[in-house]
Structure formats: C-alpha cells, structure tokens
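# Analysis of the macromolecular model
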Protein chains: 4
Amino acid sequence: MTHHSVCDDCIIGKVTKPSTRAERRKAELRQEIIDTAFVCFAEKGYHATGIADIAGQLGIGHGTFYRYFSNKREIIDHVIDDLAARIIAALGTENAPDAAATLDEYRAQIDRIGVALTEILLTDRRVAQLLLFHATGIDDELTQRLYGLLDTADALTAGYLDHGVEQGYLRADLDTSNTARAVTGMLIGGIVYSLREPDEAAIAGLNQAIRRLLVDGVRKD
Amino acid sequence: MTHHSVCDDCIIGKVTKPSTRAERRKAELRQEIIDTAFVCFAEKGYHATGIADIAGQLGIGHGTFYRYFSNKREIIDHVIDDLAARIIAALGTENAPDAAATLDEYRAQIDRIGVALTEILLTDRRVAQLLLFHATGIDDELTQRLYGLLDTADALTAGYLDHGVEQGYLRADLDTSNTARAVTGMLIGGIVYSLREPDEAAIAGLNQAIRRLLVDGVRKD
Amino acid sequence: MTHHSVCDDCIIGKVTKPSTRAERRKAELRQEIIDTAFVCFAEKGYHATGIADIAGQLGIGHGTFYRYFSNKREIIDHVIDDLAARIIAALGTENAPDAAATLDEYRAQIDRIGVALTEILLTDRRVAQLLLFHATGIDDELTQRLYGLLDTADALTAGYLDHGVEQGYLRADLDTSNTARAVTGMLIGGIVYSLREPDEAAIAGLNQAIRRLLVDGVRKD
Amino acid sequence: MTHHSVCDDCIIGKVTKPSTRAERRKAELRQEIIDTAFVCFAEKGYHATGIADIAGQLGIGHGTFYRYFSNKREIIDHVIDDLAARIIAALGTENAPDAAATLDEYRAQIDRIGVALTEILLTDRRVAQLLLFHATGIDDELTQRLYGLLDTADALTAGYLDHGVEQGYLRADLDTSNTARAVTGMLIGGIVYSLREPDEAAIAGLNQAIRRLLVDGVRKD
DNA sequence: TATGAATGAGAGTTCATTCAT
DNA sequence: TATGAATGAACTCTCATTCAT
C-alpha cells in the first residue's frame, strides 16, 4: 500500500524505444493528466479539485481518469514526483558544488543559483504554490515525501558549504548541515515572498539580502 | 462575504463588564469551541475535521456550533486569530527591540527570543502544525491572513535590526526589511525542523547555526 | 465486523418503556425503513434497489437512510431478521410439537401448520420472494444466515418427528433429522410453487400431496 | 426485448456441417466464453462478475465478448441452457421411467437416480451453486426459465410415478403431479444440503431418508 | 476480426447546514 | 437556548457498452 514505487516510467534515462504509437499516446495522455492535475491542484487546492474538474479541463470523460490512476490520492504523488524532478533538473544542470574555488567564485555561484531558482519559480509560480500551500496536510505519507524534498534541498546546500570549507574560503568550524537547513529556510522564505510580490525589483532586493546574510553576515565588522 | 470583520469580542482591551452570567457562559463556550477546533484542525487537518468532530469532542450538540459560528469556514479565522495573539503575547512580553544596546546584549537577546520561540512551539507543536500545514491552501482570504502574520513577524524582526543599526552595532547599510524576511525564513525553517525532529539537542544545534549565521555570517574572516 | 450482533432493539420482550416521544419516532422510522427496504428488495431485488429507491419510496432524503443504517449491506440483515421473527412468531404460536398424541392428531396438526404457512406466504408472498430469490448469493455471511434459518426449520420439523417417535405413532427407527431435512425441502418446494401459482385450489392440492407423502408414503400398501 | 430467441445454435441436432474452419473456431470460442462465464457466475455471482472478469479469465479482450453476445444479460441465458442440457443428459441416459416393473426395481432405480444426481452435483457443485444461489432474482424472465427447469424436473419425476401407478406398484389414487412436485422439493433440499455439507456419509444419510420417505412413508405400519 | 481506450450513467456515501422541537 | 434529525449537493469510483484502430 506504499505509494512510492511510483516511477515505472519515470523521468530519466527513457532509452526504451517509443514503442508502438498506441503506447506513446497512452503515455502522453497519462502525462497530460498529471499536468492538468498539477494545474488544478495548484490553483484550487487538492480538496477543492474534483476528478471531474481535471477530466473536464482536459476534455476527457472522468471515467478515463481511472484508467490511468486508480485513486485521487495516487495522482498527487505523481504530480509531486514530476515537480521534484523538474526542480532538480533545473538546479543540477550547471551548478556543481565543486565549481567554486574562491569566495568570489562562490558568491558568483550563489548568484547563479538564486537566478535559476527565481527563474523556475517565477516562470511557473504554481510549482511553489502547490508544494508550499496545497500539498501540505493531505496525508502523513505525503508529508513525509515533502520532508524528503526538504532533506534533498538541505543536502544540496550542505554540499556547497562543505566544499567551501574544504577549499578554505568558509569558516573551518562551520556546522554545515545545520547552516544548510537555515539557508534552505531563507530560500523557501524568499520563494514565499516571491509568490506574493510579483515585483521583480523587490524580489531582487530580498535575494540580495539573503546572499549578503549568507556571505557576510549581519555583523558590522 | 468578507470574513474579516471577525473580532467582535477580540483579544485585547475587553474592558466591557462581564455582563450577565449567561453572557459570560456564552463567551466561555465560544472560546471552548475555538480551542477544540484548534486541536482538531491541528491534529487531523481542516478538511478531515467535521463540525461533528468538534462538537462531539466538546460534548455539545453539533447544531449548537451554528449558534456561535455561522460557518465551518468562519471558525478557522478565529482559531488563527487566537494563535496569532498567543504567539505575539509570548514574544512581546519581555523582549522589546530596544532592550539591546551592544552586540553582546543583542546576541543575548536573540538567544532569549530563540528560547522563547522554541518554548512555545515545543510546548504545543500543534500551533506550528496548524499554521504551517493545515491552514495553508484553504482559501485565498485565509492565505492573505497568513501572509499578514508573516508580515508581522518580518516587521518585528526588522524592528530589532533597525534598532541595532541605530545603536551602531549592526552594519549601517543593512537592508533591514529584506534581511528581516530572510531571518523569518530561517526561523520558520527551524520550526519545521523541530516538528519532525523532537530531539532537543538537534534543535539546539540548528538554533545555534541560525544565530551564528545571523550574527557572524559564514565568511571565514 | 460481524453483522450479527444486530438485535439491539429487537423483536421480543420490549418491556422497556416507549421512552421519549423522539425516541419512539426514531424507532418507528427505523422500522419503516426496514419495511420499505423489504418491499423494494423483494420486488426488485437487492442489487437493483438503490438507497435512493428506498428513501424515495418512503419520502425521506437519502441521506437520512445513513442516519439509521451505516450500509446498504447492513439493512438486509435487519430485513432478514425481521422476516425470521415474523415467521417464527406465526408458526410458534399454537402448534407446540407435543400437541399431538395420536397419528390422527398428528395429521390434524400438520394440516394446521400447512394452513398457517400458506397463510403467511399467501398473505405476503414478498416474504418468500425475498428469502428464496433475492437474499441468495449476496454474501457469504448472509448465505450462512439463510442456512441458519434452514437449520431452524429443520430442527422445528425434527421436533415434531421426535415427538411422534416418542409417542409411538411414528416409526421407531425413523432418522428424524434427515427426514426433517427432506420435509423442509418439500415445504420449500411447496412455497416456491405457491409463488408461481396463485390458484388456491392448486396449492391445496400440493399441500395435500405433501401431507400424504409425509404421513402415508407413496407405497401402495 | 425478449431474450428467449436464444437457441440459434443450440444443443441438440447440430447436424449442420462444421462449415469453414473460421466458423468452427468461432463456435468454439463462443462455447469457451459460456463456460468461463459459468465458472465466474457460479463462484462470484452474476452481479459481482464483470465482463472484464470473464474476458480476462479467458485471455481475450473484453471487447471481443460483444462480438459473441450482445449483453451481459444475454450470456446467462446460454449458461443456464447449457446447464439444463448437461443435467438432462446426465439423468436421461440410462434411467427411462419405464425401466422399473416392480417395487423392488423401482427402489433400485431411485437409488440409481439418486447416485447419478449426487454424482453430477458433487462432481461440480458450481452447477447447483449457480442455479440455486446466483441465477435467482436477476430477472423476471430468467426466473420464468428457472421455473421451466423446475417443471421439467417435476414432469420427469411424475413420469416415474405415473409408470409406477400403471404398473401397479404405486398407489392407484396417487396424485402424481403434485407428489412429483413434493419429491422435487426434497431433492432440491438435498442438493442444498450437499452444498453446505461436504461429508459424503452425511449426504448418504439424507439420501437414504429421502428414499425411505418416498417409498415407505413415515407411518409406523 | 479482435482489441482495449474511452465513456458516462449511476451507484454508495459524506457532511455542512437548516430548522422544528 | 440547545439539540440532533433531516437534508441533498457533491464527491469518488465502477462497469457495461461503444467504436476507432
């Protein structure tokens, strides 16, 4: 009854030939359902969204939904999976944690990550909308998965910090994992702020403050 | 249809005489309903909680609920109001932003605030549980109110920072409002972490990292 | 999850005062639902009957049904219970197995029982309709209960036979329990026949044949 | 809308040439569908069995079903037809009603019939399972067909009795048709008993009692 | 011809809300 | 004033049937 053995036909490495046209169409529709569900959940919330809404939006009969997913509950897992994959893909491309060798390079790298994150989330704010507002509190299991995403983010950040410590441009006694958690908190805070405040200048200001806090701290000297 | 003209008999300044005993009893029951709703919402979530659950828990008929509140929707407003008041009360008591005159005193103050916050949220984790997991995504209006709470927190934090800048122990060019937002993010991140991780030592570690980041920054020198 | 602890407010011995009027009305409605369900199930069958049919027939909202029974499945148990009680009441009244002391009296008693049975089932053929046609094959558990009714009937008949053996007007080596089973079979066969053939004379003919078979056997001499 | 013009390619007298191979294959599959439907209906009941179950069990697409039968409803007719044919075949082979010339031969014949019946129904209890539990109450029309089977059984039994009367070893004034109905009732009662009670000795006991009742009656002398 | 993807009528069930008592 | 019986809109899910491939 565990929902997590989800990715039968997941994201990466699909070297398998597109197979028959029927199978391709099936996979397509399946994906379309996930995408539409994502939109509905993000905009109206999980509870306010009925299967009929998703199906109607897509222009399919609502019975069809159940040919692809056996549950309303099941689909949000797939939606979340997709989002996680999307985010990781967006972040992971060009910013390996070992790319920075000096504090200045580190600063530049942080800038790039900030821009990338902002990009994703301004491009489609529904991503954050769903993850932060509508995916919470549905289920213990789903909550655990969200925690897992958080852990991933923490680990990612910690990787950058660890590298900085190794390279010597970050404090040697830095508690990297806890600091990473704090940083993730700031980032998510920034994302929430971006959700309310569409003004890019304002967002840039907050990004700046976060970077500054992260790099220099608030101490005067 | 706006829900916000809520506070007929709100939090502060209830100088109005206790009036008749009947009226007092009524106010009491009203409060009990709010408290019970808080517990139910926090534990099972808003959607999974029925009016009948709240009433049953309290031992009143569920029709009675509608003599005190006209909506299921309405009550969560009051629950949130109560929580906000509780948190502000807990924070505001002894820690005026102007209490710190030096960096050391500031550091000490931050410690006290951290302890106070931890206190509230470890004492009754349902507070955070509700605010962060179950109050989100119910409603646009409620979301706006949560944003309002966030703003309050930001403003509070900004007050401390402004004071520090004025006193000269914080950087003069500090962007206090954006930095405050970043700090609030860290705090909430910490709270979320506390929710999953009941080990007090771990929480203390994260608190420490947050304080350190806030005061010293991550830079080596 | 066993359905059988059914009779909270069952059939016999209701010495408990009718209590409040509200409670009486509630019990009444409950009974009306059972009766209406009986009618619907008997006429259209269990599967073809929707909760909405029962409620509509009764003129209540279909949500109301669920205030009295938690399941569609649950109500047929109560319907069957009621029928069993009705039948037993109808049979048991005046025909104790020890009422017959001679073969002639036995013959007369059998006549009376036959008449009583015919009475019940001609009065409301839906009873047999439901038990024989629509209650079968719904559920393993329900099937077991029907078997139980059959056993009761067998035991009842066996009682009469045992008494006859004791009194000496029936064969001493009679296998009373198996013969009772055979007799029950004949009776049920007769009931089925009555269901199709409303002509009372025809039914009387079959009754006669059954009695004759039972008392004299088919042997010429 | 009458379902009864069923037997396009029925049971008996299929002298029609086997025609093309394709046609033969078609008839085969058609029969396989009927057989599989029989198994499913008998085991899970008509309502609990989906077309997809039958098709899946057989390994064909469930769309294919509709190339052979136009209805879910239609197929049970064919299933019943098949069963009737099977039973009649099993009974009719060697036990012509005119085979018995004396009471002793009659007794022996009854034994043989009892054995044959038991044989059929113990060999595949699903036959009785379906006929007695799952075919009832589906439809008025189907009920009529079951009644027809019953009539056949009655007529068959009546034939034996008539013959006995003619031969003079049965009572001259015997109401053969009604007695036959009673006998059929006993037989069906016995079958039901066999369904619950797999112990062969118990079944033999009941068979014995039925035969005794039939031949000697319960009268002491 | 065989298939299974698509469909939607319709089922059972829940629960916020009303209102007579 | 407090109650809980009554309600029905709304929801999730099933499955017999159709039809393009």
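All values reported here derive from a predicted model rather than from experimental measurement.

### Considerations on the interface of chain B and chain A
Each side of the interface is counted separately: chain B has 42 residues, and chain A has 43 residues. In this assembly, chain B packs against chain A so that about 3,900 Å² is buried in total across both faces, 60% of it on carbon and sulfur atoms. Three residues stand out in chain B for area buried against chain A, namely Arg171(B), Arg196(B) and Val218(B), and they jointly supply 18% of the buried area on that side. Across the salt bridge formed by Asp173(B) and Arg212(A), the nearest N and O atoms sit 3.6 Å from each other. Elements supplying a minimum of two residues to the side of chain B that touches chain A: α6 (126-134), α7 (140-167), α8 (176-196) and α9 (200-215) of chain B. With 12 residues, α8(B) is the single largest residue contributor to the side of chain B that touches chain A. In the side of chain B that touches chain A, the residues fall into 21 nonpolar, 11 polar and 10 charged.

### A look at the environment of Glu105(B)
Residue and element names in this part refer to chain B. The topology assignment puts Glu-105 in helix α5 (residues 103-123). Given the relative accessible area of 37%, Glu-105 is considered partly exposed. If we skip the residues at most four places from it in the chain, Glu-105 touches Ala-99 and Ala-100.

### Considerations on the interface of chain C and chain D
Counting from both sides, the interface comprises 43 residues of chain C and, opposite them, 42 residues of chain D. When chain C packs against chain D, close to 3,900 Å² is buried across both sides, 60% of that on carbon and sulfur atoms. Here chain C and chain D share four salt bridges between them. The salt bridge partner of Arg196(C) is Asp151(D), with a shortest N-O separation of 2.7 Å. Between the two partners, chain C and chain D, sit five residue pairs in polar contact (both at pLDDT 80 or more). When residues of the side of chain C that touches chain D are traced back to their parent elements, those giving at least two are α6 (126-134), α7 (140-167), α8 (176-196) and α9 (200-215) of chain C. When residues in the side of chain C that touches chain D are grouped by element, the largest group, 12 residues, is from α8(C). Class assignment for the residues of the side of chain C that touches chain D results in 22 nonpolar, 11 polar and 10 charged.

### Some points on the relation of the copies chain B and chain A
For the pair chain B and chain A, the best superposition has an RMSD of 0.3 Å and corresponds to a rotation of 178° with a translation of 0.1 Å parallel to the axis. Taken together, the rotation and translation describe the operation of a two-fold axis. Among all C-alpha atoms of chain B, that of Gly217(B) lies closest to the rotation axis, at 1.5 Å. Both copies present the same face, since 100% of the interface residues in chain B are matched by interface residues at the equivalent positions in chain A.

Thresholds, definitions, all that
- Residues numbered from 1 in each chain as written.
- Chains lettered and ligands numbered in written order.
- Predicted model: local features only at pLDDT ≥ 70, side-chain atom pairs only at ≥ 80, totals over all residues.
- Heavy atoms only, no water.
- Contact = heavy atoms within 4.5 Å.
- Buried area = accessible area lost by both parts, 1.4 Å probe.
- Salt bridge = Lys/Arg side-chain N within 4 Å of Asp/Glu carboxyl O.
- Helix = DSSP H or I, 4+ residues; strand = E, 2+ residues; numbered from the N terminus.
- Nonpolar A, V, L, I, M, F, W, Y, C, P; charged D, E, K, R; others polar.
- Buried < 20%, exposed > 50% of the residue type's maximum accessible area, 1.4 Å probe, protein only.
- Polar contact = N/O pair within 3.5 Å; in protein donor to acceptor, adjacent residues only side chain to side chain.
- Least-squares fit on C-alpha atoms with pLDDT ≥ 70 in both.

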